[in-house]
Amino acid sequence: RGERPAMALRRSLQVLGGGGHYHYPKHVWSPAGGWWPSPPNWKRNTAIAFGAVGVLFTMTFFTSASLERRPMPPRAHIPSQSWCKHAKEDDPSLK
């Protein structure tokens, strides 16, 4: 056509990209956020979610470490004996 390359590129960028947002049914609810989700506080919400998971993991770890008991001493060393509260009571080889 005899266009300059910059004009051809600009026109192709207008054609590419899928166009704008189209109309969609407003009554349809999606737990993922719908057609174009972009929550305004997604970084803060993600940090809060990871923080909550971290707190729950820590609470589970410490509860497990305080309640862990071994009625029979293990044949080999188990890594959780390093932080288990009752390891020295349950395994005579650790004393």
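For the structure given in this document, a descriptive report is provided here. This one's a predicted model, so the numbers in the text were calculated from it and none came from an experiment.

**Considerations on the overall build of the chain**
Here is step 1: Helix and strand content of the chain: 3 helices and 0 strands.
Here is step 2: Per-residue burial over the chain gives 9% buried out of 95 residues.
Here is step 3: Total accessible area on the chain is roughly 8,700 Å²; 64% of this is exposed by carbon and sulfur atoms.

**Digging into the pattern of salt bridges**
Here is step 1: Counted according to the given criterion, the structure contains 3 salt bridges.
Here is step 2: Between Arg70 and Glu68 there is a salt bridge; the shortest N-O distance is 2.5 Å.
Here is step 3: The exposure class of Arg70 is partly exposed, given its relative accessible area of 23%.
Here is step 4: Ionic pairing is found between Glu89 and Arg69, a salt bridge with its closest N-O pair at 3.5 Å. Here the residue Glu89 occupies a position in helix 3 (residues 87–90), and Arg69 occupies one in the loop between helix 2 (42–67) and helix 3, the gap between them amounting to 20 residues.
Here is step 5: Among the residues examined, Glu89 registers a relative accessible area of 53% and is labelled exposed.
Here is step 6: Salt bridges linked by common partners bring Arg69, Glu89 and Asp90 together as one network.

**As for the packing of aromatic side chains**
Here is step 1: What the rule picks out here adds up to 2 aromatic pairs.
Here is step 2: Both rings, one in Phe61 and one in Phe62, keep their centres 5.4 Å apart while their planes meet at 75 degrees; by these two values the pair is edge-to-face.
Here is step 3: The exposure class of Phe61 is partly exposed, given its relative accessible area of 31%.
Here is step 4: Judged by centre distance (5.5 Å) and plane angle (50 degrees), the ring pair of Phe61 and Trp83 falls under tilted. You can see Phe61 sitting in helix 2 and its partner Trp83 sitting in the loop between helix 2 and helix 3, a full 22 residues away along the chain.
Here is step 5: Every member of this aromatic cluster is reached through a ring pair, and the members are Phe61, Phe62 and Trp83.

How each quantity is defined
- Within each chain, residues carry numbers counting from 1 in the order of the written sequence.
- In keeping with the model being predicted, local features are shown solely for residues with a pLDDT of at least 70 and side-chain atom pairs are shown and tallied solely at 80 or more, while totals for entire chains, interfaces and linings include all residues.
- Note that the side-chain values use all heavy atoms of the structure and ignore hydrogens as well as water.
- Every helix listed is a DSSP run of H or I at least four residues long, and every strand listed is a run of E at least two residues long, numbered separately from the N terminus.
- Think of it in three bands: residues with accessible area under 20% of the maximum for their type are buried, residues over 50% are exposed, and the middle band is partly exposed, with areas taken using a 1.4 Å probe on protein chains only.
- Per-residue and other accessible areas were derived by the Shrake-Rupley procedure at a 1.4 Å probe size, with only the shown protein chains allowed to occlude residues.
- One side-chain nitrogen of Lys or Arg within 4 Å of one carboxyl oxygen of Asp or Glu is enough to make a salt bridge.
- Pairing of aromatic rings covers Phe, Tyr and the six-membered ring of Trp, with a centre-to-centre limit of 6.5 Å; geometry is then stacked below 30 degrees between planes, edge-to-face above 60, and tilted otherwise.

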